[in-house]
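Fold and geometry: a report
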Amino acid sequence: MARTESTMLALGTPAPDFQLPDVVTGQTISLSTFAGKKAILVMFICRHCPYVKHVEKELARLGQDYKDSDLGIVAISANDAAAYPDDAPDSLKAMATELGFTFPLCYDESQETAKAYTAACTPDFFLFDGDRKLVYRGQLDDSRPRNDVPVTGKDLRQAIDTVLSGGTPSEDQKPSLGCNIKWKPGNEPAYYG
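Keep in mind the model is a prediction, meaning the values are calculated, not measured.

**Digging into the overall build of the protein**
- Along its length, the protein carries four helices and ten strands.
- Helices and strands appear in the protein in the N-to-C order β-β-β-β-α-β-α-β-α-β-β-β-α-β.
- Projecting the C-alpha coordinates of the protein onto the three principal axes gives extents of approximately 45 × 40 × 35 Å.
- A buried classification covers 55% of the 193 residues belonging to the protein.

What follows is the structure, given as structure tokens:
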């Protein structure tokens with residue numbers, strides 16, 4: 001497990017489109033799935049990573065708290081399922097069901113969507129405004145496994161609430177930290193390492 005920070009993609013970057021299967025319903029999810037929403041949160045997660053396990057209940061709470069709002073949420077796992085079977089679609093489906101996710105959890109088998117977003121770690125968060133421009137990328141909050149800081153989601157929630165109320169989040173953003181995305185051998189992006 002390599003401790004890896006977000007790449008901190010440039011604010012204002014347009015949201016890359018994608019077409020990925022939801023592991024629960026089998027439906028294809030894309031940016032147009034969230035047409036009409038004031039904001040979209042794209043989260044890169046997986047099942048086996050201790051950093052994701054540390055915050056998974058807060059991710060489920062986020063889904064519950066914003067399910068009737070103007071925020072669209074999608075979670076994506078891009079890990080190499082051959083090397084990490086816990087991150088295979090059937091296991092991800094069990095995770096989504098157990099945690100009661102109210103948002104789609106997609107599997108990025110080709111890892112091309114993760115590369116398009118410059119996703120580097122799990123968890124990695126990208127929040128886009130109504131024009132689908134990046135307004136927040138960074139941490140959920142200051143909590144990490146074993147640092148005794150409570151998991152509140154305060155950094156991400158503050159950014160979401162600011163966008164939903166028509167504002168722009170502060171550019172003072174801290175990178176997320178987690179396990180590196182488990183790239184397939186030979187498929188590592190240039191920004192990895």
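**Notes on the sheet that holds strand β1 (residues 3-5)**
- Here we have three strands laid out as an open sheet, ordered β1-β10-β7, and antiparallel in their pairing. Taken across any chain shown, the strands that pair with only one partner, and hence form the sheet edges, are β1 and β7 (121-122).
- Two strands pair when backbone bridges link them, and β7 and strand β10 (residues 177-180) are joined in this way by two bridges, in the antiparallel orientation. Of the residues in β10, the one forming a bridge with C121 is N180.
- Running at roughly 130° to β10, helix α1 (residues 50-66) makes contact with β1, β7 and β10 of the sheet.

**Description of the environment of A39**
- Mapped onto the secondary structure, A39 falls in strand β4 (residues 39-44).
- Residues A39 and G72, 33 residues apart in the sequence, show an inter-C-alpha distance of 6.2 Å.
- Discounting chain neighbours no more than four positions away, the residues touching A39 are D70, L71, G72, L127, F128, D129, R132, V163 and L164.

**A few points about helix α2 (residues 89-99)**
- Every buried residue belonging to α2 is among S91, L92, M95, A96 and L99, and all of these are buried. Along the axis of α2, the buried residues cluster in a sector spanning 140°; they form a single face. Residues of α2 that are exposed and point over 90 degrees away from its buried face: D90, T97 and E98.
- Positive backbone phi, approximately 70°, marks G100, located one or two places after α2.

**Concerning the nonpolar core**
- F101 and L127 are the most contacted members of the largest nonpolar core, which has 38 residues in total.
- Residue contributions to this core peak at seven residues, all from α1.
- Not counting residues up to four positions away in its chain, the partners in contact with L127 are A39, I40, L41, L71, K133, L134, V135, Y136, A159, I160 and V163.
- In terms of nonpolar packing, the next biggest core, distinct from the first, is built from 22 residues, A15, F18, Y117 and F126 among them.

**A look at the sheet that holds strand β5 (residues 71-77)**
- The strand order β6-β5-β4-β8-β9 describes an open sheet built from five strands, whose pairing is mixed. Across the chains shown, the open sheet's two edge strands, defined by having one partner strand only, are β6 (105-107) and β9 (134-138). Along the sheet, successive strands turn relative to each other by an average axial angle of 20°, direction set aside.
- Looking at chain direction, β4 and strand β8 (residues 124-128) are connected through five bridges and run antiparallel. Along β8, the bridge assignment pairs V42 with F126.
- Relative to the sheet, α1 contacts β4, β5 and β8, its axis offset from that of β5 by approximately 155°.

**Considering the packing of aromatic side chains**
- Scanning all chains against the criterion turns up seven aromatic pairs.
- Relative to F126, the ring of F44 lies with its centre 5.9 Å away and its plane at 90°, an arrangement referred to as edge-to-face. Highlighted residues: F44 in strand β4 and F126 in strand β8, separated in sequence by 82 residues.
- Consider the rings of F101 and F103, whose centres lie 4.5 Å apart with planes at 25°: the pair is stacked. Comparing F101 with F103 shows no difference in burial state: the two are buried.
- An aromatic cluster is defined as three or more aromatic residues linked by ring pairs; in this entry it consists of F18, F44, Y117, F126 and F128.

Parameters and conventions
- Residues numbered from 1 in each chain as written.
- Predicted model: local features only at pLDDT ≥ 70, side-chain atom pairs only at ≥ 80, totals over all residues.
- Heavy atoms only, no water.
- Helix = DSSP H or I, 4+ residues; strand = E, 2+ residues; numbered from the N terminus.
- Buried < 20%, exposed > 50% of the residue type's maximum accessible area, 1.4 Å probe, protein only.
- Pairing = 2+ DSSP bridges.
- Contact = heavy atoms within 4.5 Å.
- Axes fitted to C-alpha atoms, helices over the stretch in contact; angles between N-to-C directions.
- Arc of directions from axis to C-beta.
- Core = buried A, V, L, I, M, F, W, Y, C linked by side-chain atoms within 4.5 Å.
- Phe/Tyr/Trp six-rings, centres within 6.5 Å; stacked < 30°, edge-to-face > 60°.

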